[in-house]
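Single-letter residue listing:
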Amino acid sequence: GSTASATAAPVVWSPAMRYSMRVYEPRSENGSGIQLSHPVSLLLPAAFKWDLCLDVRDDSVFIGCPLQSSFARPDSSGLYVNGDSIRRTVIGTVWPNVTSPDDVTADLKTDTYRSILLNAGAVNAMATPFVFAVRTQAGNYAKVLVNVTNGRFLQGDAPDRYLDLDIVYQPLVGEAFL
């Protein structure tokens, strides 16, 4: 006999992308921004493609919306200092002390999103990993884990310090299953 059920529910898998990458401080030549749909660090001349950026200023580490970064014009024009348009990425909930994006099972569609930079703390402060939700200007969702090594977010030596990130990105617009 067969154990198959005639009423079995179909299973539809999400096509989410998973990858690890580094994003570098602004003085580095390795790229301070990320385009979530293409896992590569991008330099300032390609900032119009950034969904997230790393900003290190006043001895603090920030990650999040390029619109709120020191790369943006201070006049709230929505432009970078070089005149390129800034993508309107927004940040949702932050889950502290989480070591994997899979540990976060919240419904990202119902989250509250804001145009902010997350202050990860002082450059040399002791840290714990965290995950945050992202919605891109195009309507794609992601979960980003900011890793910690030896108790620190920022790794490497100036001017090539970086954050190690684990990212789960949903390429289907409006789909929040990750």
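Parameters and conventions
- Residues numbered from 1 in each chain as written.
- Predicted model: local features only at pLDDT ≥ 70, side-chain atom pairs only at ≥ 80, totals over all residues.
- Heavy atoms only, no water.
- Phe/Tyr/Trp six-rings, centres within 6.5 Å; stacked < 30°, edge-to-face > 60°.
- Helix = DSSP H or I, 4+ residues; strand = E, 2+ residues; numbered from the N terminus.
- Buried < 20%, exposed > 50% of the residue type's maximum accessible area, 1.4 Å probe, protein only.
- Lys NZ or Arg CZ within 6 Å of the ring centre and 35° of its normal.
- Pairing = 2+ DSSP bridges.
- Axes fitted to C-alpha atoms, helices over the stretch in contact; angles between N-to-C directions.
- Polar contact = N/O pair within 3.5 Å; in protein donor to acceptor, adjacent residues only side chain to side chain.
- Contact = heavy atoms within 4.5 Å.
- Salt bridge = Lys/Arg side-chain N within 4 Å of Asp/Glu carboxyl O.

Considerations on the packing of aromatic side chains
Here a ring pair, both rings aromatic, is described through the centre-centre distance and the interplanar angle of the planes. Evaluation of the coordinates by the stated rule reveals 6 aromatic pairs. With centroids separated by 5.4 Å and ring planes inclined at 50 degrees, the aromatic side chains of Tyr24 and Tyr162 adopt a geometry described as tilted. Here Tyr24, found in strand S1 (residues 17-24), pairs with Tyr162, found in strand S10 (residues 162-169); they are 138 residues apart in sequence, far enough to count as distant. The burial state of Tyr24 is the same as that of Tyr162; both residues are buried. Site record: aromatic cluster; members linked through ring pairs are Trp50, Phe71 and Tyr80. Positioned above the aromatic ring of Phe62 is the side chain of Arg57, whose terminal nitrogen or guanidinium carbon lies 4.7 Å from the ring centre.

Re the sheet that holds strand S8 (residues 130-135)
In spatial order, the strands read S1-S10-S9-S8-S6; together these 5 strands make up an open sheet with antiparallel pairing. Two strands close off the open sheet at either side, each with one partner strand: S1 and strand S6 (90-96). This sheet shows a mean twist of 25 degrees between the axes of neighbouring strands, independent of strand direction.

Quick word on the side chain of Ser69
Tracing the backbone shows Ser69 in the loop between strand S5 (60-64) and S6. A relative accessible area of 6% means that Ser69 is categorised as buried. There is a polar contact of 3.1 Å between the side chain of Ser69 and the backbone nitrogen of Phe71. Residues contacting Ser69, with those up to four places away along its chain left out, are Cys53, Asp55, Arg57 and Leu117.

Quick word on the pattern of salt bridges
Counted by the stated rule, this structure contains 6 salt bridges. Its salt-bridge partner being Asp102, residue Arg18 comes within 2.5 Å of it at the nearest N-O pair. Taken together, the residues span a long stretch of sequence, with Arg18 in strand S1 and Asp102 in the loop between S6 and strand S7 (117-122) at a distance of 84 residues. By sharing partners, the salt bridges in this structure join Glu25, Arg27 and Arg161 into a single network.

Description of the sheet that holds S7
Note on sheets: strands pair through backbone hydrogen bonds, and any given pair is parallel or antiparallel. Strand order in the open sheet made by the 5 strands is S3-S2-S4-S5-S7, with antiparallel pairing throughout. The sheet is open, and its two borders are formed by strand S3 (38-42) and S7, each paired with just one other strand. Looking at each pair of strands side by side, their axes are set apart by 15 degrees on average, direction ignored. Two elements, strand S2 (residues 33-35) and strand S4 (residues 52-57), share 2 bridges in a ladder whose sense is antiparallel. What sits directly across from Gly33, in S4, is Cys53.

Purely geometric numbers; function is a separate question.
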